[in-house]
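Read off the chains here:
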Amino acid sequence: AYWLFKLHGLNHYYQCEICGGESYRGRRNFELHFADPKHAMGMKSLGIPNTKHFHGVTKIDDAKVLWKTLHHKLEQEKFDASKEEEYEDSHGNVLSRTTYEDLARQGLL
């Protein structure tokens, strides 16, 4: 009985600031709560998507910092057509968009 209680870690409490300071008894309940509507609503109210990146994050400040970092990283990886778009000329040469447009303007293609 008591050994089973301790085995499942029910003698430990885990708090989640995002859920309004809610306490979860045991590691398993704590891990499962990240998929709960209450946690998802807390994340949504912060303007942060409830994705796997935020699994284990319980502090509001930590979640905001992580979202800022992820958002910045995603913006850098975003496809920029003006820089990354490629064109192929009639000879099969692959050129960047700016180079292709410059050569086309000069009548070299």
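Scoring rules and cut-offs
Residues numbered from 1 in each chain as written. Predicted model: local features only at pLDDT ≥ 70, side-chain atom pairs only at ≥ 80, totals over all residues. Heavy atoms only, no water. Buried < 20%, exposed > 50% of the residue type's maximum accessible area, 1.4 Å probe, protein only. Helix = DSSP H or I, 4+ residues; strand = E, 2+ residues; numbered from the N terminus. Arc of directions from axis to C-beta. Contact = heavy atoms within 4.5 Å. Core = buried A, V, L, I, M, F, W, Y, C linked by side-chain atoms within 4.5 Å. Phe/Tyr/Trp six-rings, centres within 6.5 Å; stacked < 30°, edge-to-face > 60°. pLDDT = per-residue confidence, 0-100. Salt bridge = Lys/Arg side-chain N within 4 Å of Asp/Glu carboxyl O.

1. Structural notes on helix 3 (residues 37-45)
For helix 3, the full list of buried residues reads His 39, Gly 42 and Met 43. In a view along the axis of helix 3, the buried residues occupy a sector of 95°, so they form one face of it. Exposed and facing more than 90 degrees away from the buried side of helix 3 are Pro 37, Met 41, Lys 44 and Ser 45. Along its buried surface, helix 3 packs onto strand 1 (13-16).

2. Brief notes about the nonpolar core
Side chains of nonpolar character tend, in soluble globular proteins, to be buried together. Core analysis: the largest hydrophobic core is formed by 12 residues, namely Cys 16, Ile 18, Cys 19, Tyr 24, Phe 30, Phe 34, Met 43, Ile 48, Phe 54, Val 57, Ala 63 and Leu 70. Once residues within four sequence positions are removed from consideration, Tyr 24 is found in contact with His 12, Tyr 13, Tyr 14, Cys 16, Cys 19, Asn 29, Phe 30 and His 33.

3. Points about the packing of aromatic side chains
Following the criterion strictly, the structure yields 5 aromatic pairs and no others. When the ring of Tyr 14 is compared with that of Phe 30, the centres are 5.0 Å apart and the planes differ by 25°; the resulting orientation is stacked. Taken together, the residues Tyr 14 in strand 1 and Phe 30 in helix 2 (residues 27-32) connect sequence positions 16 residues apart. Judged by its relative accessible area of 23%, Tyr 14 falls in the partly exposed class.

4. Details of the confidence of the model for the protein
Averaged over every residue, the pLDDT of the protein is 91; residues scoring 70 or more account for 100%. Mean pLDDT per element in the protein: helix 5 (residues 81-84) is the minimum at 78, and strand 1 is the maximum at 96.

5. Considering the pattern of salt bridges
Within the structure shown, the criterion is met by 5 salt bridges. In this structure, the salt-bridge partner of Lys 38 is Glu 22, at a minimum N-O distance of 2.6 Å. Note that Lys 38 is positioned in helix 3 and Glu 22 in strand 2 (residues 22-25), a separation of 16 residues in sequence. Overall, Lys 38 belongs to the partly exposed group, its relative accessible area being 44%.

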